[in-house]
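# An overview of the molecular structure
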Amino acid sequence: MHPLLEDAAQRASRYLDGLDARSVAPLPDALSRLAQLDVDLSEASQSAQDVLQQLDDLGSPATVTSNGGRFYGYVVGGTLPVSIAAHWLATAWDQNTPHPSAAPGAAAFERTALRWITDLLGLPSTASGAFVSGATMGNLCGLAAARHAVLASVGWNVDAQGLFGAPPITVVVGDEVHPSVTKALGVLGLGRERIVRVPVDAQGRMRADQLPLMQGPSIVCLQAGNVNTGACDPFPAIIEQAHRAGAWVHVDGAFGLWALASSRHRHLCDGVTQADSWATDAHKWLNVPYDSGLVFVRDGATLRAAMSISAPYLADNDRGDAASDLTPELSRRARGVDAWAALATLGRSGLRDLIERCCRHAQRFAQGLRDAGHEVLNDVVLNQVLVRFGDADTTRRVIEAIQRDGTCWCGITQWQGQTAMRISVCDWATSDEDVERSLAAMVRCARTSSMRADSGFAHPR
Ligand SMILES: *Cc1c(COP(=O)(O)O)cnc(C)c1O
């Protein structure tokens, strides 16, 4: 066994050491070689060593370099070396963690990671939390607890009786709601479209003065960190109105909630801790491996009511913190180990530096692009930058050129009717030099693409 793990470690090291020199987007040749995988499973077995070699030969070159300092697509983050290493070790443990009795060590690390994160974000110390696969699942769990609580308040037990014949629930979202929230609402039988959409301002923040009148069971979904602009909803005004109407407030804070870890950016999330449930991600800004998200619910009994599982063969859990009673999962890996390792290594100051460094890099991108004559569309308050390079066609062409160039990678988005490039900085590894190299590549690609357009060479019309 051991030579195999050492081989894997060496290959992984080689991969990580090579990140800086390679194209961020995989090269076409590496992608076309993936066709070699399209074979039937052979009757014969082969050596694990050979299999690992094939994985490395075919797989490593075909990766997007998202675990590096110059990938700014989506909002993905990288992986701290210590959390890769911890992840490997915990994989060797092979602990199944639905319940502390089956994995006491892993459960203890998860418990500590949860307590640290609760504390870092300033969430109520009595809240229940759990690691899930991502913020999508975090949203699902928080909204399941919400659904349970608002129906229980009118005498309906949704977890026993389902939604057939239940009193209706008013669900309020901002017009910029993340699709993972509407997906969770659909899965929960609350409807992807049967929702009240509240208008947003120019940064995508829900307008507190546009909240509808809420009567009866109601859920309000807010956002910490708009996926395009990074903006956060005005929590104090909305949460106060919602609570006065008896509504449950759930916050999707996949990356934005981490602003709470920095005194410089915490103000964006002022009042957010007054909500009733929160979803966030560890695999984005905390830079741990996939898949790792979190849910926190102020009144843990509601989450347990929505998620609990029991059977004579599942041991009692006096503490009430079994992951299988707080998440949709039964068998699950010890996600909290990776987060514990990341947090223990960074400490409060390291996490603060990571958050603030990424935000500073975002400012530098915005300034550098403005200096080059390009239009930044959002107020850069966090780690997100939206930029356009002229009209939609030109912007699209420049983004394609940047992706092809390979120095860095950014994606395309639509922001309030305009086509834009989205830069998201949330990788621990992004350095000042990465930012300058990437900026230079963006400006160079923008210049050459628009020159080609002017000459009518690239897109004759
Ligand atoms: C990424 C993201 C999600 C979804 O999180 P996953 O971890 O991909 O499930 C939800 N909301 C926002 C704002 C996000 O940025």
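Since we're looking at a predicted model, the values are computed, not measured.

## Some details on helix α10 (residues 300-307)
Listing the buried residues of α10 in full gives Gly300, Thr302, Leu303, Ala306 and Met307. Axial view of α10: buried residues confined to an arc of 160°, hence all on one face.

## A closer look at the pattern of salt bridges
A full pass over the atoms with the stated rule returns 23 salt bridges. The partner of Arg333 in a salt bridge is Asp338, and the shortest N-O contact between them spans 3.0 Å. Each of the salt bridges in this network shares a partner with another, and the network as a whole consists of Glu110, Asp291, Glu329, Arg332, Arg333, Arg335 and Asp338.

## Examining the sheet that holds strand β3 (residues 196-198)
What links the strands of a sheet is backbone hydrogen bonding, and the strands pair in either a parallel or an antiparallel sense. Strand order across the open sheet formed by 7 strands is β1-β7-β6-β5-β4-β2-β3, with mixed pairing between neighbours. Strands with a single pairing partner mark the edges of an open sheet, and in this sheet they are β1 (128-132) and β3. When the angles between neighbouring strand axes are averaged without regard to direction, this sheet yields 20°. Bridge count between strand β2 (residues 170-174) and β3: 3 bridges; the pairing is parallel. Counted as the bridge partner of Val173 is Arg197 from β3. Against the sheet, α10 makes contact with β1, β5 (248-252) and β7 (293-297), and its axis sits at roughly 120° relative to β7, the strand it touches most.

## Side note on the site of the ligand
In the vicinity of the ligand lie 13 residues, with Thr136, Asp252, Asp281, His283 and Lys284 positioned nearest. In this structure, His178 approaches the ligand through a side-chain N or O atom, which is 3.4 Å from a nitrogen atom. Between the ligand and His283, the relevant distance is 2.8 Å, taken from an oxygen atom to a side-chain nitrogen or oxygen of the residue. Considered on its own, the ligand offers 380 Å² of accessible surface; in the complex 84% of this is hidden by protein.

## As for the packing of aromatic side chains
All told, the structure shown has 6 aromatic pairs when counted by the stated rule. Ring plane angle 15° and centroid distance 5.3 Å describe the contact between Phe71 and Trp409, whose orientation is recorded as stacked. Here Trp409 lies in the loop between α12 (392-405) and β10 (411-415) and Phe71 lies in the loop between α3 (48-59) and α4 (81-93), a separation of 338 residues in the sequence. Taken together through their ring pairs, the aromatic side chains of Trp93, Phe109, Trp116 and Trp340 make up a single cluster.

## Things to note about the environment of Asp201
Tracing the sequence through the fold places Asp201 in the loop between β3 and β4 (218-223). Sequence separation between Asp201 and Asp233 is 32 residues; the distance between their C-alpha atoms is 9.7 Å. Separated by 2.9 Å, the side chain of Asp201 and the backbone nitrogen of Gln203 make a polar contact.

## Thoughts on the domain arrangement of the protein
Interfaces are frequently sized by the accessible area removed from exposure as the parts join. In terms of domains, the protein is made up of domain 1 (2-68) and domain 2 (85-341). Once you take the C-alpha centre of each, domain 1 and domain 2 turn out to be 35 Å apart.

The rules behind these values
Throughout, residues of each chain are indexed from 1 in the direction in which the sequence is written. Since the coordinates come from a predicted model, pLDDT governs what is reported: local features require at least 70, and pairs of side-chain atoms require 80 or more to be given and counted, while whole-chain, interface and lining totals use all residues. Think of the side-chain values as coming from all heavy atoms in the structure, minus any hydrogens and water. Each residue's exposure class comes from its accessible area (1.4 Å probe, protein chains only) as a fraction of the maximum for that residue type: buried when under 20%, exposed when over 50%, partly exposed otherwise. In this text, helices come from DSSP runs of H or I with a minimum length of four residues, and strands from runs of E with a minimum of two, each type numbered from the N-terminal end. It is the directions from the helix axis to the C-beta atoms whose arc is reported. Salt bridges are counted wherever a side-chain nitrogen of Lys or Arg sits within 4 Å of a carboxyl oxygen of Asp or Glu. The pairing criterion for strands is at least two bridges between them, as found by DSSP. To obtain an axis, a line is fitted to C-alpha atoms, over the contacting stretch when the element is a helix, and the angle between two such axes runs from 0 to 180 degrees between their N-to-C directions. Contacts between residues were defined by any pair of non-hydrogen atoms, one from each residue, lying within 4.5 Å. To be near a molecule or strand, a residue needs just one of its heavy atoms within 4 Å of it. The term polar contact refers here to a pair of N or O atoms within 3.5 Å; inside protein, the definition further demands a hydrogen-donor-capable atom paired with an acceptor-capable atom, and it admits residues adjacent in sequence only when both atoms are side-chain atoms. Using a 1.4 Å probe, accessible areas were evaluated by the Shrake-Rupley method; residue-level cover was limited to the displayed protein chains. When the centres of two rings from Phe, Tyr and Trp lie within 6.5 Å, Trp using its six-membered ring, the rings pair. Their planes under 30 degrees apart give stacked, over 60 give edge-to-face, and anything left gives tilted. Annotation comment: domain bounds sourced from an automatic or database domain assignment.

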